[in-house]
Amino acid sequence: FVSLLTGCSSMPTEMALDSKVYSAQNAGLVVGALIEGGPYGTWLEFREINTDKNYGWGAKDYYSAWLPAGEYEVQALGSRRGVMGPYSSPLRFNVKQGEINYLGEMVYDCQSPARPTALYGVQSCGFLAMGKCSVPHPTAGVCVVNRQEQTIRTFLKKHPDHADMPVRSSVMSMHVER
């Protein structure tokens, strides 16, 4: 429900590149994309698995944000047709402190021959759900495309002050590599 209310919100200031809270000394920089939200919307919410803390905003195309180091999953997507959660296994990724962590380019309803990386569905949060929502069926297949070289090159042209940070692939999948 909170995600639905904040579906059009901008990135929280503590996650922004000019954050006064997070930096390379205490977080990792994530770079990725959510291309053409289409009928689903552009809300993007990550959950840090060990702390259960959520980080979300209305991502628009390419994004970059500071996140504390840890293991994450894509907790929620969209908002125009309702907030979507993972139908089975969520997309996951790792963030390493002091590094640029490339997450990939998320694409809704990818076509053959590409196979969806993960299935997400509109959450059902009935009156008696007591804050817990379920995903009764899949609504959209989400693919993650690896365009690391061009995305990082474009990011560093726009933000040359981060050029000294090491870059690592942390492309989202249903299996996290440590």
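Residues numbered from 1 in each chain as written. Predicted model: local features only at pLDDT ≥ 70, side-chain atom pairs only at ≥ 80, totals over all residues. Heavy atoms only, no water.

Q: Kindly report on the overall build of the protein, identifying the contributing residues and their values.
A: Scanning the protein from terminus to terminus reveals two helices and eleven strands. Shown N-terminal to C-terminal, the secondary structure of the protein runs as helices and strands in the order α-β-β-β-β-β-β-β-β-β-β-α-β. With 178 residues in all, the protein has 44% of them scored as buried. Considering only contacts in the protein between residues 6 or more positions apart, those separated by 24 or more positions represent 75%. Carbon and sulfur atoms make up 52% of the accessible area of the protein, which amounts to about 9,500 Å² in all. (Helix = DSSP H or I, 4+ residues; strand = E, 2+ residues; numbered from the N terminus. Buried < 20%, exposed > 50% of the residue type's maximum accessible area, 1.4 Å probe, protein only. Contact = heavy atoms within 4.5 Å. Areas by Shrake-Rupley, 256 points an atom, 1.4 Å probe, with all protein chains shown as cover.)

Q: Give a description of the nonpolar core that names residues and reports values.
A: Counting residues in each nonpolar core, the largest one holds 37 residues, and the members touching the most others are Leu44, Phe46 and Met106. The dominant element in this core, judged by the number of residues it contributes, is strand E8 (residues 100-108), at five residues. Aside from chain neighbours lying at most four places away, what touches leucine 44 is Leu34, Tyr55, Gly56, Trp57, Ala59, Tyr63, Val74, Ala76, Leu77 and Met106. (Core = buried A, V, L, I, M, F, W, Y, C linked by side-chain atoms within 4.5 Å.)

Q: If you had to explain the pairing of strand E10 (residues 140-145) to someone new, which residues and values would you point to?
A: Side chains on a regular strand alternate between the two faces of the sheet. E10 sits mainly inside the fold: five of its six residues count as buried. Examined bridge by bridge, E8 and E10 share four bridges and lie antiparallel to one another. Looking at the pairing, tyrosine 108 lines up with valine 142 of E10. Bridge count between strand E9 (residues 118-122) and E10: three bridges; the pairing is antiparallel. For leucine 119, the partnering residue across the bridge sits in E10 and is glycine 141. (Pairing = 2+ DSSP bridges.)

Q: Mind laying out the packing of aromatic side chains, listing which residues take part and the relevant values?
A: This structure, assessed with the given rule, holds six aromatic pairs. Between phenylalanine 46 and tyrosine 63 the ring centres are 6.4 Å apart and the planes differ by 55 degrees, which places this aromatic pair in the tilted class. Separated by 17 residues along the polypeptide, phenylalanine 46 in strand E2 (residues 43-48) and tyrosine 63 in strand E4 (residues 61-67) bring together distant segments of the chain. Exposure remark for phenylalanine 46: the relative accessible area of 0% places this residue in the buried category. Judged by relative accessible area, which is 6%, tyrosine 63 ranks as buried. Their ring planes at 75 degrees and their centres at 5.5 Å tell us that tryptophan 57 and tyrosine 63 sit as a pair that is edge-to-face. (Phe/Tyr/Trp six-rings, centres within 6.5 Å; stacked < 30°, edge-to-face > 60°.)

Q: Let's hear about the confidence of the model for the protein: which residues, and what values?
A: For the protein, mean pLDDT is 83; residues scoring 70 or higher make up 81% of the total. The element-level mean pLDDT for the protein is lowest in helix H1 (residues 2-5), coming to 35, with strand E11 (residues 167-169) highest at 97. Between residues 1-8, whose pLDDT stays under 50, and residues either more than four places distant or in other chains, the model counts nine contacts. (pLDDT = per-residue confidence, 0-100.)

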